[in-house]
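# Survey of secondary and tertiary structure
Listed below are the residues making up each chain.
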Amino acid sequence: MPKTTSETIHEFTAHVKQTNPNEPEFLQAVKEVTEVVFPFIQDKPEYEKSSVLKRLTVPDRVIIFAVPWVDDDGTVHVNKGYRVQFNSALGPYKGGLRFHSSVNLSILKFLSFEQIFKNALTGLPLGGAKGGSDFNPSGKSDAEVMRFCQSFMSELYRHIGHEKDIPAGDIGVGSREIGYLFGQYKRLQNEFNGVITGKGLDWGGSELRPEATGYGLIYFVAEMLQKKEESLDDKRVLISGSGNVAQYAIEKALELGARVLSASDSSGYIICEDGLSSKHLAALMKLKNEKRGRISELADEFDDITYTDNASVWSATIEADIALPCATQNELDEDQAKSLVKNGLKLLAEGANMPCTQEAIHIFRKDKILFGPGKAANAGGVAVSGLEMSQNAYNQSWGKEKVDEQLKKIMKNIHEQCYRQGKDGNHTDYIKGANIAAFKKVAGAMLAQGIV
Ligand code: NDP
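The sections below set out a description of the structure shown in this document. If you're wondering where the values come from, they're calculated on a predicted model, not measured in any experiment.

Thresholds applied
Residues numbered from 1 in each chain as written. Predicted model: local features only at pLDDT ≥ 70, side-chain atom pairs only at ≥ 80, totals over all residues. Heavy atoms only, no water. Near = heavy atom within 4 Å. Polar contact = N/O pair within 3.5 Å; in protein donor to acceptor, adjacent residues only side chain to side chain. Areas by Shrake-Rupley, 256 points an atom, 1.4 Å probe, with all protein chains shown as cover. Helix = DSSP H or I, 4+ residues; strand = E, 2+ residues; numbered from the N terminus. Pairing = 2+ DSSP bridges. Axes fitted to C-alpha atoms, helices over the stretch in contact; angles between N-to-C directions. Contact = heavy atoms within 4.5 Å. Buried < 20%, exposed > 50% of the residue type's maximum accessible area, 1.4 Å probe, protein only. Right-handed = clockwise from strand over helix to strand, strands pointing away. Phe/Tyr/Trp six-rings, centres within 6.5 Å; stacked < 30°, edge-to-face > 60°. Lys NZ or Arg CZ within 6 Å of the ring centre and 35° of its normal. Core = buried A, V, L, I, M, F, W, Y, C linked by side-chain atoms within 4.5 Å. Disulfide = S-S within 2.5 Å. Salt bridge = Lys/Arg side-chain N within 4 Å of Asp/Glu carboxyl O.

### Focus on the site of the ligand
Taken together, the neighbourhood of the ligand is formed by 24 residues, with Asp170, Thr213, Ser266, Arg294 and Asn353 sitting nearest. The backbone of Ser242 places a nitrogen or oxygen atom 3.0 Å from an oxygen atom of the ligand. Relative to its unbound accessible area of 890 Å², the ligand is 80% covered by the protein chains. Contributing elements (two or more residues each) for the shell around the ligand: helix H8 (209-226), helix H9 (244-255) and strand S8 (262-265).

### Here's the deal with the sheet that holds strand S2 (residues 76-87)
The strand order across the open sheet built from five strands is S1-S2-S4-S3-S5, with neighbouring strands paired in mixed fashion. Two strands lie at the open edges of the sheet, namely strand S1 (61-70) and strand S5 (165-168), each paired on one side alone. Across the sheet, the mean angle from the axis of one strand to that of its neighbour is 20 degrees, orientation sign disregarded. Of the strand pairs in this sheet, S2 and strand S4 (residues 128-133) are connected by six bridges, and their pairing is antiparallel. Residue Arg83 lies in a different strand from S4, and its bridge partner there is Gly131. Running over the sheet, helix H6 (residues 142-156) touches S1, S2, strand S3 (93-99), S4 and S5 and is turned about 145 degrees from S1.

### Examining the side chain of His415
As for its position among the elements, His415 is in helix H16 (residues 400-422). Residue contacts for His415: discarding those within four places in its chain leaves Phe220, Glu223, Met224, Lys227 and Tyr430.

### Some thoughts on the pairing of S3
Working note: regular strand, side chains alternate between the two faces of the sheet. Counting buried residues in S3 gives seven out of seven residues, a clear majority hidden from the surface. One ladder, built from four bridges, connects S3 with S5; its direction is parallel. Bridge pairing in S5 places Gly95 opposite Pro167. Here S3 pairs with S4 via three bridges, running parallel. Bridge assignment links Leu97 to a residue of S4, and that residue is Gly131. The handedness of the S3 to S4 crossover, carried by helix H5 (residues 105-122), is right-handed.

### Quick word on the packing of aromatic side chains
Using the criterion set out here, one finds 22 aromatic pairs in the structure. Between the aromatic rings of Phe26 and Phe113, the centroid separation amounts to 5.8 Å while the plane-to-plane angle is 85 degrees, which identifies the pairing as edge-to-face. You can see Phe26 sitting in helix H2 (residues 24-41) and its partner Phe113 sitting in helix H5, a full 87 residues away along the chain. Across this residue pair, the class does not change: Phe26 and Phe113 are buried. Through a chain of ring-to-ring contacts, the aromatic side chains of Phe65, Trp69, Phe99, Phe135, Phe148 and Phe152 assemble into a single cluster. Above the face of the Trp398 ring, Lys402 is positioned so that its terminal group lies 4.3 Å from the ring centre.

### Points about the sheet that holds S8
What the three strands build is an open sheet, ordered S8-S9-S10; its pairing is antiparallel. A single partner strand is all that each edge strand has here, and the edge strands are S8 and strand S10 (306-309). Each neighbouring strand pair of the sheet contributes to a mean axis angle of 20 degrees, computed without reference to strand direction. Sheet topology places S8 next to strand S9 (residues 268-271); four bridges connect them, and they run antiparallel.

### Quick look at the nonpolar core
Counting residues in hydrophobic clusters, the biggest one holds 118 residues, and the most contacted among them are Leu324, Phe364 and Phe439. Tallying contributions element by element places helix H17 (residues 430-449) first for this core, with 11 residues. Setting aside residues up to four positions removed in sequence, Phe364 forms contacts with Leu332, Ala337, Leu340, Val341, Leu345, Leu348, Cys356, Ile369 and Phe371. Phe135, Leu156, Ile178 and Phe182 belong to the second-largest nonpolar core, a separate cluster that totals 22 residues.

### Some details on the state of the cysteines
If you walk through the whole model with that rule in mind, you get zero disulfides. Here Cys326 stays unpaired: no disulfide links it, and the sulfur of Cys356, its closest cysteine neighbor, is 11 Å away.

### So, the pattern of salt bridges
As enumerated under the stated definition, the model contains 26 salt bridges in all. Between Lys375 and Glu114 there is a salt bridge; the shortest N-O distance is 3.2 Å. Highlighted residues: Lys375 in helix H14 (residues 374-377) and Glu114 in helix H5, separated in sequence by 261 residues. Close ionic contact of Glu155 with Arg158 constitutes a salt bridge, the shortest N to O distance being 3.2 Å. Within the structure, one salt-bridge network assembled from shared partners comprises Glu32, Glu114 and Lys375.

Have a look at this one:
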């Protein structure tokens, strides 16, 4: 294998592909970083000499385990559990757990790889990790979800700790699952500490953690707009998803005067031409967080909402200034990107992780659409998780205003780093900015810590 110093980007990509077969999502995430970072390090021998980029693409540790559990009828099931501890150059491993039938090693490696850079941008001392299972909580009873979480934690607890690896939620892991996971950890370890973030407010959680990713996304968008001397006021905004990130992105966008036109779930999407109101949002939150129902039910409840079944919101032909994909990876493809641009799109920011395919990103970059990549734009969640860890360490509980102020400050700072590194004449390439700013931090720490 050639040394990194003499490698071309093509050889490097081929090497990563060959050593990670059948992992398309992971390769996609590496490619996005490599396209920007490879040219950046070409004239910097210190990075090349110690193969920093190559070492960054190999996880420190991957743990895969069986998760047996019993359903309410007494039938025994088994799922796969995972924890990918990718890089700890900047601090203990940190990243969410995802419970969804699509979960596999490729998806978790992409998510944990992204998490390294995202955590670096927050400025908090956190490494990158991600984990989860191909278990789908949807349609399961509370008792089944509890038994699954207990079985999952019966293995995971050996590998985590408040100074080692601190998981959190993600798709399919909300406050209910965090509660069951934490309860089992506490029982097995006989320790009450901040080993998981996203905890309930009465037992070690932070104010604004549920809101953090969605609010943070909108704070980031507001910063992007401000550089163009614009604001969210009266902007037409398309949002996908109706889970944690989407709900609070809608809430903050409405507060800042935007007209939010849509929301979706994996069955279909809703459109409200006049813009969703706080009344619509309250109904959506109740539907999703309490009844665990389908988004189509909102169209039954409100005359001014239409529902389209079995389709993506990105296929809707509707004029919009801003798009915020907040559902899942690769939800927005090339044709949909073209259609958004044709319908007046000016800015896109990723609430979800890697929601745009590479072909879609090329369209947005070609047309100079302002593009906020997920590793920067959706970092508000992990930022407030970091604040939850600080509160736990000092036995403190901060008020909402203090947490919100810190969140705003962190998102402003992330934006500033991306802007500085990505500004090119009148346009800002936030993908370039985010990747270089984050890489410099992680690579600097790796160099300082030697070949470990
Ligand atoms: P939730 O589980 O709360 O919500 C996910 C939403 O996306 C649901 O509306 C879900 O619909 C929809 N969805 C999931 N899979 C698909 C699919 N294949 N096609 C269409 N829609 C789909 O998750 P979150 O809101 O927490 O996470 C959303 C995204 O944001 C993920 O990419 C996550 O990694 C990312 N993220 C989350 C953070 C957080 O703090 N929660 C932090 C940073 C990033 P349905 O209910 O039908 O499944």
